[in-house]
Each structure stands twice: as structure tokens, then as C-alpha cells.
Amino acid sequence: MLSHDDFGNALRKLQGSMDNLATSTIRARKREFAPVEITTGRTESSNRPDDYHLFCTDKQARDAEFARRKVAAVDNWYFDLAGSSQPMREITEVETRSLHKRVEELFVRELNEYLYHYPETEYKN
């Protein structure tokens, strides 16, 4: 059992800690924090013209790049979901197919753009 003095000391320490917490809370509310954007896992396209040349002339390289982009699209879907206010969940087959279709459309558009600028490149199936 605590003595009267020990109880008084413990109470003063607790009050001091509560005062410190209140002061910190007030300071934090007044401080403006810059918005934070989570970009982990996202990659900007770093493909160069010689990459596109390879994708156009080598089906295996093109298929590998397409597979890599599909995986990245699903990963980015999860990162977007994690950054939203919605609860985490598994991606559905319909959503996956839709993502893969958009990835394919974008990749084909990029390859066509490359072929437009480099018409001497022979596209190989």
C-alpha cells in the first residue's frame, strides 16, 4: 500500500505527464504538415528507343515486357487501394482482365508510336 506522500508524488508525476501530452497535442494541431503521397512500388516508364526496337523485333522480349507490365499493373492496383479509404480486398478476375486489357492497349499504342517514328523497324510476330 502506498503512503500518502508516495501517492501524492505519483499523482504529481501523472499530472505532469498529462500536461506534457496536452501541450504536445496542442502544438501538433497548430502545425501544418505537407501532404504525403505514397509512391512505393510505382515505376515510371524508363524504356528507351532501343528497348522499343527490341520489343518490336523480338517476340520473347515483347512477351516478357508485357508480362512484367501486367504484374506491375496489379501491384499498382493494390497500392492504389491501400492509399484509398476503402478496405483491402483481393482483386477480382474481372478487374484483373480489365487491367490487363488496358496494359495491352497502352503497350500496343507505345509500340505503334515507336514504329511510326522508326518506320525502318521490322515488326516480328
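These figures come from a predicted structure and were not determined experimentally.

**Observations regarding the layout of surface pockets**
Okay, so step 1: What the second largest pocket holds in volume is close to 160 Å³.
Okay, so step 2: At the level of secondary structure, the elements contributing two or more residues to the lining of the second largest pocket comprise helix 3 (59–82) and helix 4 (93–117).
Okay, so step 3: A total of six residues in the lining of the second largest pocket trace back to one element, the largest contributor, which is helix 4.
Okay, so step 4: When its residues are assigned to classes, the lining of the second largest pocket shows six nonpolar, one polar and three charged.

**Brief notes about the pattern of salt bridges**
Okay, so step 1: Counting across every chain of the model gives six salt bridges.
Okay, so step 2: Among the salt bridges present, the one from Asp63 reaches Lys59, with a minimum N-O distance of 3.0 Å. Residue Asp63 and its partner Lys59 are located together in helix 3, separated by four residues, close to a single helical turn.
Okay, so step 3: With a closest N to O distance of 2.8 Å, Glu65 and Arg68 form a salt bridge. Pair noted here: Glu65 and Arg68 are both in helix 3, with a separation of three residues, about one helical turn.
Okay, so step 4: Taking the relative accessible area as the measure of exposure, Arg68 reaches 43% and is therefore partly exposed.
Okay, so step 5: Connected through shared salt-bridge partners, Glu65, Arg68, Arg69 and Glu110 make up one network.

**Some words on the packing of aromatic side chains**
Okay, so step 1: Overall, the coordinates contain five aromatic pairs when judged by the stated rule.
Okay, so step 2: Between the aromatic rings of Tyr52 and Tyr114, the centroid separation amounts to 6.2 Å while the plane-to-plane angle is 25°, which identifies the pairing as stacked. Taken together, the positions of Tyr52 in helix 2 (residues 49–57) and Tyr114 in helix 4 put the pair 62 residues apart, joining distant regions of the chain.
Okay, so step 3: In this structure Tyr52 comes out as buried when scored by relative accessible area, which is 12%.
Okay, so step 4: Here the aromatic rings of Phe55 and Phe107 are separated by 5.7 Å at their centres, their planes lie at 70°, and the arrangement is edge-to-face. Remark: Phe107 occurs in helix 4 and Phe55 occurs in helix 2; sequence separation between them is 52 residues.
Okay, so step 5: Classification of Phe55 as buried rests on a relative accessible area of 7%.
Okay, so step 6: Connected via pairs of aromatic rings, a cluster forms that spans Tyr52, Phe55, Phe107, Tyr114 and Tyr118.

**Considerations on a nonpolar patch on the surface**
Okay, so step 1: Taken together, the side chains of Leu2, Phe7, Leu11, Leu14, Met18 and Leu21 define a hydrophobic patch exposed on the protein surface, amounting to about 610 Å² of accessible area.
Okay, so step 2: Along the chain, Phe7 falls in helix 1 (residues 4–30).

**Considering the packing of helix 3 against helix 4**
Okay, so step 1: Relative to each other, helix 3 and helix 4 sit at 130°, their axes nearing to 9 Å. On the basis of the axis angle, helix 3 is oblique to helix 4. The chirality of how helix 3 crosses helix 4 is right-handed. Taken together, the residues of helix 4 that come into contact with helix 3 (itself represented by Arg62, Glu65, Phe66, Arg69, Lys70, Ala73, Val74 and Trp77) are Glu95, Thr96, Leu99, His100, Val103, Glu104, Phe107, Glu110 and Leu111.
Okay, so step 2: Among the residues forming the contact of helix 3 with helix 4, the class breakdown is eight nonpolar, two polar and seven charged.

Cut-off values and rules
- Residues numbered from 1 in each chain as written.
- Predicted model: local features only at pLDDT ≥ 70, side-chain atom pairs only at ≥ 80, totals over all residues.
- Heavy atoms only, no water.
- 1 Å grid on protein atoms, 1.4 Å probe; cavity = no way out; pocket = protein on both sides within 12 Å on 5 of 7 lines; lining within 4 Å.
- Points joined across faces, edges and corners; volume = space filled by probe spheres on them.
- Helix = DSSP H or I, 4+ residues; strand = E, 2+ residues; numbered from the N terminus.
- Nonpolar A, V, L, I, M, F, W, Y, C, P; charged D, E, K, R; others polar.
- Salt bridge = Lys/Arg side-chain N within 4 Å of Asp/Glu carboxyl O.
- Buried < 20%, exposed > 50% of the residue type's maximum accessible area, 1.4 Å probe, protein only.
- Phe/Tyr/Trp six-rings, centres within 6.5 Å; stacked < 30°, edge-to-face > 60°.
- Patch = residues over 30% accessible without salt bridge, like charges linked within 9 Å, V, L, I, M, F, W, Y side chains within 5 Å.
- Areas by Shrake-Rupley, 256 points an atom, 1.4 Å probe, with all protein chains shown as cover.
- Axes fitted to C-alpha atoms, helices over the stretch in contact; angles between N-to-C directions.
- Parallel < 35°, antiparallel > 145°, perpendicular 65-115°, else oblique.
- Left-handed = near helix turned anticlockwise from the far one by under 90°.
- Contact = heavy atoms within 4.5 Å.

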